[in-house]
Amino acid sequence: MNTLPLGPLLKIWLGLVIIVILMHIFRVHFGPTIPAGLLSIFFGIHDYVFVITTGVFTFVIMLAAFRLRDPEKMPGGSQQFRKKLDTLVITIVKGLWIGLAFVTKLDVFVVPPIFALIFEAFHAKEFTCKLIPSRTAVLTITAILSVGVYHLLPGSTIVVGVINVLIPIILCTLFKVPVPVAFGVSLMPLSNPAWGSWWFPVGVFVTTDFLMCFSAEYRQFRNKRSETAAIYG
């Protein structure tokens, strides 16, 4: 993708579409697939070492999750896959959001890990506005503290990385809410100068809040339509 003679925005748009299509073809529910693909385009990575390491780490994480799974908490019956219309809507919304960030030159509004959270939340039937404050708080505070540590310990990449990994663990425990993408957010200041600025927490807050509110309203709309159809259908 990075070898194509296209501008950065077109590459990211095309990459997003391809990722979503592949997720449907292979029936993948793993939201982090989106940031894994977009980050390689965003950074213009040409080295296939990134692909190999991503594949290895993903395999290890999925294997660990499989080994530690609790069969009693697994959903019974066949799992319903995402609706194509819902996927199309959220893909268009994300594309417009990324386009807005590029036009306004606000890179901090492009936060790939949050796109994974939004993708999963958007398709969850039980997702409501009540779930937004705690998740927004965890992600925003994570961004603030991560940027703070990044500036407090300049040049200490390993130390900053370790501390920034501990931040979401503590916050998720305090808020009693699992937000796995917070780990991605906490490490972003180390990967790009724009994400290491104090505007990054603002971008995280605005992106998370806007896209999650949109997801909750859309889900409420879809649920009401389904209930109406069930009554009169």
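Bear in mind the structure is a predicted one, so any value in this text is a computation, not a measurement.

Asker: Teacher, can you tell me more about the pattern of salt bridges here?
Answerer: Pairing between side chains of opposite charge can happen when their charged atoms approach one another. Considering all chains together, one arrives at two salt bridges under this definition. Taking the shortest distance from any N to any O, the salt bridge between Asp86 and Arg219 comes out at 3.2 Å. One end of the pair, Asp86, is in helix H4 (residues 84–103); the other, Arg219, is in helix H9 (residues 199–232), with 133 residues separating them in the sequence. Each member of the pair, Asp86 as well as Arg219, is classed as buried. For the salt bridge of Arg222 with Asp86, the shortest nitrogen-to-oxygen distance reads 3.2 Å.

Asker: What is the right way to look at the nonpolar core in this model?
Answerer: Across soluble globular proteins, nonpolar side chains have a tendency to be buried as a group. Residues Ile34, Phe115, Leu139, Val179, Val185, Phe200 and Val204 are the most contacted members of the largest nonpolar core, which totals 51 residues. Mapped onto this core, the elements with two or more residues apiece are helix H1 (8–25), helix H2 (33–42), H4, helix H5 (112–122), helix H6 (132–152), helix H7 (157–175), helix H8 (181–187) and H9. The element best represented in this core is H5, accounting for eight residues.

Asker: Just checking my understanding: could you explain the environment of Ser40 for this structure?
Answerer: Mapping Ser40 onto the fold places it in helix H2. Sequence spacing of Ser40 and Val51 is 11 residues, and the spatial spacing of their C-alpha atoms is 8.7 Å. In contact with Ser40, other than residues within four places in its own chain, are Asn2, Ile45 and Phe50. Within the structure, Ser40 has its side chain in polar contact with the backbone oxygen of Gly37 (distance 2.7 Å).

Here is what the cut-offs are and how they apply
- Residues numbered from 1 in each chain as written.
- Predicted model: local features only at pLDDT ≥ 70, side-chain atom pairs only at ≥ 80, totals over all residues.
- Heavy atoms only, no water.
- Salt bridge = Lys/Arg side-chain N within 4 Å of Asp/Glu carboxyl O.
- Helix = DSSP H or I, 4+ residues; strand = E, 2+ residues; numbered from the N terminus.
- Buried < 20%, exposed > 50% of the residue type's maximum accessible area, 1.4 Å probe, protein only.
- Core = buried A, V, L, I, M, F, W, Y, C linked by side-chain atoms within 4.5 Å.
- Contact = heavy atoms within 4.5 Å.
- Polar contact = N/O pair within 3.5 Å; in protein donor to acceptor, adjacent residues only side chain to side chain.

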